[in-house]
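# Architecture at a glance
Given next are the chains, with one letter for each unit.
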Amino acid sequence: MRLIQCIHDGTPYAALVENAEQVRLLNADTYTLARRAIAAGHSLTEAIEAAATETRLEYTQILDEKRLLPPLTHPDPAHCLVTGTGLTHLGSADTRSAMHTKTQVSEEELTDSMRMFKLGIEGGKPQSGMSGAQPEWFYKGDGACVVAPEAEIPVPHFAEDAGEEPELAGLYVIGDDGQPWRVGYAIGNEFSDHVTERYNYLWLAHSKLRACSFGPELLVGELPVHLEGISRIVRGNKTVWEKPFLTGEANMAHSLANLEHHHFKYVGFRRPGDVHVHFFGTATLSFADNIRTREGDRFEISLAYFGRPLRNPLSFETASAPIDVKSL
């Protein structure tokens, strides 16, 4: 079962994807449906079935009219927290081999990144009920940093790079008692500034404070352990870069449960009513192949299991004056 969100008659609604061409309108947005399910002690699937209307909409028309929204939003963007974890994926066989070789050096010779990766390999998939190794963690912003599928991703004038990160994102709503509930999963583009990050790893936090996108479809239910996708960059009518990527727990050093635990163990991330969007990491970047993006380039990230691809063009912002903080 997959959902989208769109504007219909001026109001955000969720819609059930029935096929590649048609969606069935529901009588509320995704956030409201999740809250209904939590309050009633029902599954989200039951809440969706109860909310189905007889109205069908043309999927392509929604896209063409730019009425598509992220598949989960909060009415107040300040109550949506966007975060993520890195160094979580094993990557290709060659990458795994290279990493394995590097981890055979002494502990003193390991970089912080390799030490973190090694911790994940050794302890990222603990037994049920136990806490495993902590992953790398970062903050991207609140709901204001989320760009709808098909909409432009803004590149700030001070950015050194504008690179995609094809990932899975977990989507969550916090219940009134502080219990985190996973609403589902979506394709994510955890857009980042890799030049800034590479210059000094202590600037990782800066490099992540960028826009991002996820969707267009929200997958309700369990996630396959192995997923194969394609990430590409299209310039005009030409694909300038394309590469397959793997995700799902079979291709990760950490279990999703371990990543979720280490995020939601903080009481500040269990505030009743909040929405969380959490990116689970990747091993495939165009930046690693020395690709430099340009104005108008379009990212396209596809995972067949998730329906339509996530597509976003780039828009580079012009320089502005330095921020002048005034004294009261």
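Residues numbered from 1 in each chain as written. Predicted model: local features only at pLDDT ≥ 70, side-chain atom pairs only at ≥ 80, totals over all residues. Heavy atoms only, no water.

## Side note on the packing of aromatic side chains
Given two aromatic rings, their pairing is described by the distance between the two centres and the angle made by the two planes. In total, this model carries six aromatic pairs according to the counting rule given. For the ring pair Tyr 172 and Phe 264, a centre distance of 5.1 Å and an interplane angle of 70° mean the geometry is edge-to-face. You can see Tyr 172 sitting in strand E10 (residues 166–174) and its partner Phe 264 sitting in helix H8 (residues 256–264), a full 92 residues away along the chain. For Tyr 172, a relative accessible area of 2% puts it in the buried group. For Phe 264, a relative accessible area of 8% gives the class buried. Consider the rings of Tyr 199 and Trp 203, whose centres lie 5.2 Å apart with planes at 20°: the pair is stacked. By relative accessible area, Tyr 199 is classed as exposed at 65%. Here the aromatic residues Trp 137, Tyr 266 and Phe 269 are joined through ring pairs into a cluster of three or more. Above the ring of Phe 138, the side-chain terminus of Lys 208 is found at 4.5 Å from the ring centroid. Positioned over the ring face of Tyr 59 is Arg 308, at 4.2 Å from the centre of the ring. (Phe/Tyr/Trp six-rings, centres within 6.5 Å; stacked < 30°, edge-to-face > 60°. Helix = DSSP H or I, 4+ residues; strand = E, 2+ residues; numbered from the N terminus. Buried < 20%, exposed > 50% of the residue type's maximum accessible area, 1.4 Å probe, protein only. Lys NZ or Arg CZ within 6 Å of the ring centre and 35° of its normal.)

## Structural notes on the nonpolar core
Ranked by size, the top nonpolar core spans 28 residues in total, and within it Leu 26, Leu 33, Leu 72, Val 82, Leu 171 and Val 277 carry the most contacts. Among all residues touching Val 82, those that are not within four sequence positions of it are Tyr 139, Lys 140, Gly 141, Asp 142, Cys 145, Val 146, Cys 212, Val 277 and Phe 279. If you look at the next biggest cluster of nonpolar residues, it comprises 20 residues, including Leu 227, Phe 245, Met 252 and Leu 256. (Core = buried A, V, L, I, M, F, W, Y, C linked by side-chain atoms within 4.5 Å. Contact = heavy atoms within 4.5 Å.)

## Considering the side chain of Thr 293
Among the structural elements, Thr 293 can be located in the loop between strand E16 (275–279) and strand E17 (298–303). Taking the relative accessible area as the measure of exposure, Thr 293 reaches 13% and is therefore buried.

## So, the pairing of strand E6 (residues 80–86)
For a regular strand, the rule is simple: side chains alternate between the two faces of the sheet. By the criterion of burial, E6 is predominantly enclosed, with seven of the seven residues buried. Because side chains alternate across E6, one face comprises the buried residues Cys 80, Val 82, Gly 84 and Gly 86, and the other comprises Leu 81, Thr 83 and Thr 85, equally buried. Note that E6 and E16 share five bridges and pair parallel. Within the sheet, the bridge partner assigned to Val 82 lies in E16 and is Val 277. Here E6 runs beside strand E7 (residues 136–142); their pairing, made up of six bridges, is antiparallel. Residue pairing in the sheet places Gly 84 in a bridge with Phe 138 of E7. (Pairing = 2+ DSSP bridges.)

## A few points about the pattern of salt bridges
Under the counting rule described, the total for this entry stands at 21 salt bridges. The salt bridge partner of Glu 122 is Lys 118, with a shortest N-O separation of 2.9 Å. One end of the pair is Glu 122 and the other is Lys 118, both in helix H5 (residues 112–123) and four residues apart, which spans about a single turn. The closest approach of N and O atoms between Lys 326 and Asp 324, which form a salt bridge, is 3.3 Å. Of the two residues, Lys 326 and Asp 324, both sit in the exposed class. Salt bridges linked by common partners bring Glu 18, Arg 24, Glu 54 and Arg 56 together as one network. (Salt bridge = Lys/Arg side-chain N within 4 Å of Asp/Glu carboxyl O.)

## Let's talk about the environment of Met 130
Mapped onto the secondary structure, Met 130 falls in the loop between H5 and E7. On the basis of relative accessible area, Met 130 is assigned to the exposed category, the value being 54%. C-alpha separation for the pair Met 130 and Phe 279, spaced 149 residues apart in sequence, amounts to 22 Å.

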